[in-house]
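Tertiary structure, described
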Amino acid sequence: MSATEPLVLGIETSCDETGIGIVRGRTLLSNTIASSMDEHARYGGVVPEVAARAHLEALQPAIEAALAEAQVRLADIDAVAVTSGPGLAGALMVGVGAAKALAVALDKPLYAVNHLVGHIAADLLDADAEPLEYPTIALLVSGGHTSLLLVRDLTSDVELLGETVDDAAGEAFDKIARILGLPYPGGPEIDRAAASGSDGLGGTRAGDPNAIRFPRGLSRASDLAEHRYDFSFSGLKTAVARWVEQQDAAGQPVSTADVAASFREAVVDVLVTKALAACADYGVPRLLLGGGVIANRRLREVALERAEAAGVTVRIPPLSLCTDNGAMIAALASELIMAGRTPSTMAFGADSTLPITDIQVAGEAG
Amino acid sequence: MILGIDTSVGTAVAVVEADGVVLAEASSANPLGHAEVIGDLLQTVLGTARADAPLGHAGAGTPGERPAITAIAAGMGPGPFTGLRVGIAAARTFALGRGVPVIPVVSHDAAALGILLDQALLGETDAEPGRFAIVTDARRREFAYTVYEGMDDDGLPIRVTEPALTPRDEIDTVLAGFGAERRDTTAVSAAMVALVAARALAAGREVGPRDALYLRSPDVTLPAGPKKVGV
Ligand SMILES: [Zn+2]
């Protein structure tokens, strides 16, 4: 196996995207994604059994498509990588079973890795960016997770500073979209409504992000002592629902545009505030953003604006690498190989709550 | 050589010759943990088959280095979904890795073939071929069952019914209706899965479904319009 530029195939099935990625060292050769998002739309959220069934059907065609795009053969692959967790257990198991059998069939080493650390590794595949500098604070926001990390070294030292204590930020967007009668997934719909939604009087206009002051979860002085870097979105969800119901009950017009813009502002505010607080507290002038919710334009805008004011440099991988994908899993394994790590032993399973400190599962330092 | 994989009950893998000779077999009876054990089990049977098999078989394998697996037999269920998928996923990627086809097999067919071969060995062939039903756990207070009667000319068990689900407390009534003897099954042999595939291949028949035998829709409740939360 090439220890300098290993050819790695990565399999990611932790949520609703079947991701197959192929990298050579830090060069992206294919980022193939089959999403079951459309199948979940009618349920208003990801249904684990629907996702797991879709993974099983998508795997083989996705691997074939990735190989064709990368113009490599399976026999050329140096190693197989797979997400062991965190994520939906039944969905993860499809990928783990597939990856193990593929590695045994090819007689190649297997690397079981952490999905969240994979989101950070995605940044390495950005050919146009300067190399990632350590340490960096990382904010990962998606429908499945909201985590704030201190990354001292991608392959050996990642610390969890805080995470959501209830809903993930992406889930909050989905739930508020439902309250407002908007379709799934909620993120782009809330954006659309905030840009040009109902004014409540029969017309449309841009929403006012300051129209309604929704609560910022875990941001009071009393919360900050214990939950300085943690997030909570369930109180915000309840506040939005209550506000809409009270307006309805009082016969007052509800401007979807204002609710969407004000809700989004509350989420973005708390995400950016806590991330920049971590940068300041740890004296780290670097912030890496990752996860599917980074596609939210307003979040990127506010993060860039306030980071600049705070003297913090922001890195955002290409959006196609921010959503869940197999390339980031392959990229992380590639780093582990280049750092001399031995492969994972075969006995690992799917771990839906895999801690961030387990960057690689069932492997020993080489 | 055919590699059989079944995770419809426990986790079972086996390598058999096309004529049915079992070269290697390994399994775990644990009804959970399929993803944990499947890699080690695969390595075990391939290692054993490598040691025992004549080298230099035709096929995708490199002569002398690894057993020349020519097809993968995949148990498609019925069985609890989460575990069942692990084996099917493994069968499909193993096949992709070796450039060989997947032969889908109804897991109950494998269990039925095992019973029929046992009967033949015990010299019961002269007796009236009895109807029997393979019955496996389907969770949620249900059983999965398939009724069989004898073997056809290709040596494959004859299905009287397709696999179906029934509430546990109704199984005996249902089987009485078919006149079938109940055969509770708590393990499916991967060697029998491979043998069903070998016989189907020899006869040029497709006997298993392309997709997993779930027999049950993913149970989700549709949200009824905008959801009201809070006070
Ligand atoms: Zn993710």
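Residues numbered from 1 in each chain as written. Chains lettered and ligands numbered in written order. Predicted model: local features only at pLDDT ≥ 70, side-chain atom pairs only at ≥ 80, totals over all residues. Heavy atoms only, no water.

**Quick look at the pairing of strand 2 (residues 11-16) of chain B**
Residue and element names in this part refer to chain B. In terms of residue burial, strand 2 counts as a mostly covered element, since 6 of its 6 residues are buried. Judged by which residues are buried, strand 2 turns out to be covered on both faces: Thr 11, Val 13 and Val 15 on one side and Ala 12, Ala 14 and Val 16 on the other are all buried. The pairing of strand 1 (residues 2-6) with strand 2 spans 5 bridges and is classified as antiparallel. Counterpart to Gly 4 in the pairing with strand 2 is Ala 14. Between the antiparallel neighbours strand 1 and strand 2 lie 4 residues. Across 6 bridges, the pairing between strand 2 and strand 3 (residues 22-28) is antiparallel. By the bridge assignment, Ala 12 is partnered in strand 3 with Ser 27. Linking two consecutive strands that pair antiparallel, namely strand 2 and strand 3, is a turn of 5 residues; a positive phi of about 100 degrees is found at Gly 20 within it. (Buried < 20%, exposed > 50% of the residue type's maximum accessible area, 1.4 Å probe, protein only. Helix = DSSP H or I, 4+ residues; strand = E, 2+ residues; numbered from the N terminus. Pairing = 2+ DSSP bridges.)

**Comments concerning the packing of aromatic side chains**
Each aromatic ring pair is described using two quantities: the centre-to-centre distance and the angle formed by the ring planes. Within this structure, the stated rule accounts for 7 aromatic pairs over all chains. Relative to Phe 263 of chain A, the ring of Phe 173 of chain A has its centre 5.1 Å away and its plane inclined at 75 degrees; by these criteria the two rings are edge-to-face. Taken together, the positions of Phe 173 of chain A in helix 5 (residues 169-179) and Phe 263 of chain A in helix 9 (residues 256-282) put the pair 90 residues apart, joining distant regions of the chain. Using a relative accessible area of 3% as the deciding quantity, one classes Phe 173 of chain A as buried. Given a relative accessible area of 0%, Phe 263 of chain A falls into the buried group. Across the ring face of Phe 81 of chain B, the terminal group of Arg 53 of chain A is positioned such that the distance to the ring centre comes to 4.9 Å. A cation sits over an aromatic face here: Arg 168 of chain B above Phe 143 of chain B, 5.3 Å from the ring centre. (Phe/Tyr/Trp six-rings, centres within 6.5 Å; stacked < 30°, edge-to-face > 60°. Lys NZ or Arg CZ within 6 Å of the ring centre and 35° of its normal.)

**Structural notes on the environment of Ala 3 of chain A**
Residue and element names in this part refer to chain A. Structurally, the position occupied by Ala 3 is in the segment before strand 1 (7-12). Ala 3 gets classed as partly exposed once you look at its relative accessible area, which sits at 48%. Along the backbone, Ala 3 and Glu 64 are 61 residues apart, and their C-alpha atoms lie at a distance of 25 Å. Among residues more than four places away in sequence, those in contact with Ala 3 are Ile 337 and Met 338. (Contact = heavy atoms within 4.5 Å.)

**Notes on the coordination of the zinc ion**
Residues and elements named next belong to chain A. In the first shell of the zinc ion, the protein supplies His 115 (NE2), His 119 (NE2), His 145 (NE2) and Asp 324 (OD), at 2.1 to 2.3 Å from the metal. Expressed as a motif, the donor residue spacing for the zinc ion is H-x3-H-x25-H-x178-D. In this pair, His 115 and His 119 are both assigned in helix 4 (residues 115-121), 4 residues apart and thus about one turn of the helix distant. The class of His 119 is buried, set by a relative accessible area of 1%. (Donors = N, O, S within 2.8 Å, 3.2 Å for Na, K, Ca; no water.)

From the geometry alone we can't say anything about function, so treat these as descriptive.
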